[in-house]
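Below are the chains, spelled out letter by letter.
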Amino acid sequence: MFDFLEGYDLLGSFWTTVQLTVFSGIGSLVWGTLLAAMRVSPVPLMRGFGTVYVNVVRNIPLTVIIVFTSLGLADTFHITLGAPDDLKAQGFRLAVLGLIVYHAAFVCEAIRSGINTVPVGQAEAARAIGLNFTQVLTLVVLPQAFRSVVAPLTNVLIALTKNTTIAAAIGVAEAGLLMKEIVETEAQLYATVAIFALGFVILTLPTGLLLGWFGKRVAVKR
Amino acid sequence: MSSVLYDIPGPKAKRRNLIFSAVFVVLFALVAWWAIKLMGDTDQWVWAKWEPFLTADVWTTYLLPALANTLKAAALSMVIALPLGAVLGIARLSDHRWVRAPATFIVELFRAIPVLILMVFANEYFSQYWSLTISSEVRPLYAVVTGLVLYNASVLAEIVRAGILSLPKGQTEAAKAIGLRKGQVMRSVLLPQAVTAMLPAIVSQLVVILKDTALGGVMLNFTELLNSRKTISGFFGNPIPTFIVIALIFVALNFALTSFAAWLEKRLRRAKKSTGAVLGAGTGEEPPAAHLNAGGVRGSFGDGSGGGGT
């Protein structure tokens, strides 16, 4: 029944999807945390920058950003991220860059909302018993914030996994592009869609269940 | 400014903040200077590349018709997905397992599949089975709308479900106590209140739909805003300015919608007549309703969803 898949690198394409997810996941976590730190910092300039970045980036379609990395950064500005000749590696790196730029805004908002769930009274009480800034942050505020951040961050990660398909727009050989190729050449439309849908369910469902369970476990009951 | 993280700054903290500001300004200026220089080196500041956007022709022949297509696809998707989502969302709350289970399956399945896959599938489906009724010119629009409806109906189903669950239990209990039937409780008590509670979340979802139409432009050659880039930059040879202008249009449009959602949410939270249940506008990528699965049901929704807690 699945003979028509012969000659297509199905596992390879999903492996690229996983790689895109992992690299851009780590990248957007780092950049998003930095942005969140700016957005809650006492320095007005950094707060302003964080706010503008988040409001601009999350209102631009990811497709625009990804297409820009290829047509703008690589073709016009010749920013090839260390792979000027290897087009495959270049496309992959540019896609990761685009995914990071976009999802960092959502990571930032998730973390900020986590910090916002900690009642101000917690910090005030901590200061009142004489803890200094570092102690207030590491002993009282951040442990509570981290716990409430798990659920929203999980949602960003799942969205990121699905959004890696947009890398197909610049020709990265991941699952979305392979599916387009298969449905356009082979006759088995339903079987192909079922396989790729199943692939994404396999990728996103365990993540959601596992992190959802974890998030519920560590959540602060108020 | 005082927050959870820090107190009102004293003289020492003020000095430190000043140093941080200075370092930040220097870093930012360096990056900005590099970007401006890079654009200069590749002749992006040439006036001829920007001038077309000040002429009416470019707007009336390229940008506005494309924008109209974007808006048309988004509006159609929302109008079709909303009733579907409402049916699915209410079905998920049914007392009967044989209604609940398939609805849950459909919602969870379509939320797990990327929109791009759904769009590509719809495009191929229409070209294989409907090629006689749907010509190849309008097929991209059909495919984009179908893909967006399949995905967003399930997302909206979760929003509807969360909206109904966010209402205080007393509403159902009181309605049942005066003798209303199940359908009547849903129709005359829960839904009218839930609709107000979910308005901000629905407006935010419109932003997601609007952004996803661009995907159809690249993958299916749907003539929407991002796709008009090809014709404009092909005609005037100005890819970078075109990108910037199109991005700005998207930002302006979506920022207006996001702000409207935030305003609605704030207003609804303040309203004295309501039960106080409001579904937060969320952060725009995943619906606030997604917390329903992850974080369990809480009394008032939107607390942790980044829509600004109460």
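Because the structure is a prediction, the values reported are computed rather than measured. (Residues numbered from 1 in each chain as written. Chains lettered and ligands numbered in written order. Predicted model: local features only at pLDDT ≥ 70, side-chain atom pairs only at ≥ 80, totals over all residues.)

Caption draft 1: Quick peek at the overall build of chain B. A count of helical and extended segments in chain B gives eleven helices and zero strands. If you list the helices and strands of chain B from N to C, you get α-α-α-α-α-α-α-α-α-α-α. The 310 residues of chain B split such that 44% are buried. Summarising the internal contacts of chain B: among those between residues at least 6 apart in sequence, 73% fall at separations of at least 24. (Helix = DSSP H or I, 4+ residues; strand = E, 2+ residues; numbered from the N terminus. Buried ≥ 20, exposed ≤ 12 C-beta atoms within 10 Å, placed from the backbone. Contact = placed C-beta atoms within 7 Å.)

Caption draft 2: How the structure looks around the overall build of chain A. Looking only at helices and strands, chain A has eight helices and zero strands in total. Along chain A, from the amino end to the carboxyl end, the secondary structure elements read α-α-α-α-α-α-α-α. Overall, the C-alpha framework of chain A stretches about 70 × 40 × 25 Å when taken along its three principal axes. By the burial criterion, 46% of the 222 residues in chain A qualify as buried.

Caption draft 3: Structural context of helix α3 (residues 62-76) of chain A. If you check α3 of chain A, its first and last C-alpha atoms are 19 Å apart, about what 15 residues at 1.5 Å a residue would give, namely 21 Å. A maximum bend of about 35° is found in α3 of chain A at F68 of chain A. Within α3 of chain A, the full set of buried residues consists of L62, T63, V64, I65, I66, V67, F68, T69, G72 and A74 of chain A. The elements touched by buried residues of α3 of chain A are α4 (87-116) and α6 (133-163) of chain A together with α8 (182-219) and α10 (239-270) of chain B. H78 of chain A occupies a position one or two residues after α3 of chain A and carries a positive phi of about 55°. (Expected span 1.5 Å × (residues − 1). Bend = angle between axes of the 7 residues up to and from the residue.)

Caption draft 4: Focus on helix α4 (residues 97-112) of chain B. Look at α4 of chain B: 22 Å from first C-alpha to last across 16 residues, which is about the 22 Å you get at 1.5 Å a residue. What α4 of chain B keeps buried is the set A103, V107, F110, R111 and A112 of chain B. Here the buried face of α4 of chain B lies against α8 (189-218) of chain A together with α3 (56-92) and α6 (139-165) of chain B.

Caption draft 5: Summary view of the UniProt feature "transmembrane region" (unreviewed entry) in chain A. Residue and element names in this part refer to chain A. Feature annotation in UniProt places "transmembrane region" (unreviewed entry) on residues 20-40, 52-74, 94-113 and 189-214, given in this structure's numbering. Overall, residues 94-113 shows 100% helix and 0% strand. The separation of its end C-alpha atoms is 29 Å. As a span, residues 189-214 carries 100% helix and 0% strand, and end to end its C-alpha atoms are 38 Å apart. (UniProt positions renumbered as here; feature names shortened; annotations may be inferred.)

Caption draft 6: Inspection of the UniProt feature "domain: ABC transmembrane type-1" (unreviewed entry) in chain A at higher detail. Mapped onto this numbering, the UniProt entry gives "domain: ABC transmembrane type-1" (unreviewed entry) at residues 14-211 of chain A. Annotated as 80% helix and 0% strand, the span residues 14-211 of chain A places its first and last C-alpha atoms 21 Å apart.

Caption draft 7: Seen up close, the packing of α3 of chain B against α8 of chain B. Residue and element names in this part refer to chain B. Two numbers describe how α3 lies on α8: the axes approach to 9 Å, and their chain directions differ by 140°. Here α3 and α8 pass one another in a crossing that is right-handed. Across the interface between the two elements, T70, A73, A74, S77, M78 and I90 from α3 touch M186, L206, I209, L210, T213 and G216 from α8. Here the residues of the contact of α3 with α8 are counted per class, giving eight nonpolar, four polar and no charged. (Axes fitted to C-alpha atoms, helices over the stretch in contact; angles between N-to-C directions. Left-handed = near helix turned anticlockwise from the far one by under 90°. Nonpolar A, V, L, I, M, F, W, Y, C, P; charged D, E, K, R; others polar.)

Caption draft 8: Here's a closer look at the UniProt feature "domain: ABC transmembrane type-1" (unreviewed entry) in chain B. Mapped onto the present numbering, the UniProt feature "domain: ABC transmembrane type-1" (unreviewed entry) falls at residues 67-261 of chain B. Within residues 67-261 of chain B, the helical portion is 84% and the strand portion 0%, while the C-alpha atoms at the span's ends are 21 Å from each other.

Caption draft 9: Representation of the nonpolar core. Counting residues in hydrophobic clusters, the biggest one holds 135 residues, and the most contacted among them are V64 and A95 of chain A together with M119 of chain B. Among the elements that line this core, the one with the most residues is α6 of chain B, at 18 residues. If near-sequence neighbours (up to four positions away) are discounted, A95 of chain A is found in contact with L20, I66, A167, I170 and V172 of chain A. (Core = buried A, V, L, I, M, F, W, Y, C linked by C-beta atoms within 7 Å.)

Caption draft 10: Seen up close, unusual backbone geometry. Here the phi dihedral of L81 of chain A falls at roughly 55°; this positive angle occurs in a residue that is not glycine. Residue class for L81 of chain A comes out partly exposed when judged on the 16 C-beta atoms lying within 10 Å of it. A positive phi angle, close to 60°, is found at D43 of chain B, a residue other than glycine. Inspection of the secondary structure assignment puts D43 of chain B in the loop between α1 (11-41) and α2 (47-50).

Caption draft 11: Quick peek at the UniProt feature "transmembrane region" (unreviewed entry) in chain B. Residue and element names in this part refer to chain B. Per the UniProt annotation, the sites labelled "transmembrane region" (unreviewed entry) are residues 18-36, 73-91, 103-122, 142-168, 189-210 and 243-264. Here residues 103-122 is 90% helix and 0% strand, with 21 Å between the C-alpha atoms at its ends. The span residues 243-264 carries 100% helix and 0% strand; its end-to-end C-alpha distance comes to 31 Å.

Caption draft 12: Local environment of the interface of chain B and chain A. Of the residues lining the interface, 56 residues belong to chain B; the matching set on chain A comes to 64 residues. Mapped by element, the contributors of at least two residues to the side of chain B that touches chain A are α1, α4, α5 (115-129), α8, α10 and α11 (291-295) of chain B. Per-element tally for the side of chain B that touches chain A: the top contributor is α10 of chain B, with ten residues. Here the side of chain B that touches chain A is composed, by residue class, of 33 nonpolar, 17 polar and six charged.

Caption draft 13: Seen up close, the packing of helix α1 (residues 10-39) of chain A against α4 of chain A. All names here are of chain A. Between α1 and α4, the shortest axis-to-axis distance is 6 Å and the interhelical angle comes to 45°. Relative to α4, the element α1 lies oblique. Of the two possible hands of crossing, α1 and α4 adopt the one that is right-handed. Between α1 and α4, the contacting residues are L20, F23, S24, G27, S28, L29, W31, G32, T33, L35, A36 and R39 on the first element and A95, V96, L99, I100, H103, A104, V107, C108, I111 and R112 on the second. Here the contact of α1 with α4 is built from residues that sort into 14 nonpolar, six polar and two charged. (Parallel < 35°, antiparallel > 145°, perpendicular 65-115°, else oblique.)

Caption draft 14: Fine view of the environment of I117 of chain B. Looking at the element boundaries, I117 of chain B is found in helix α5. Along the chain, I117 of chain B and A277 of chain B lie 160 residues apart, while their C-alpha atoms are 35 Å from each other. Discounting residues that sit within four places of it in the chain, I117 of chain B has contacts with T165, G176, M179, F196 and A197 of chain A.

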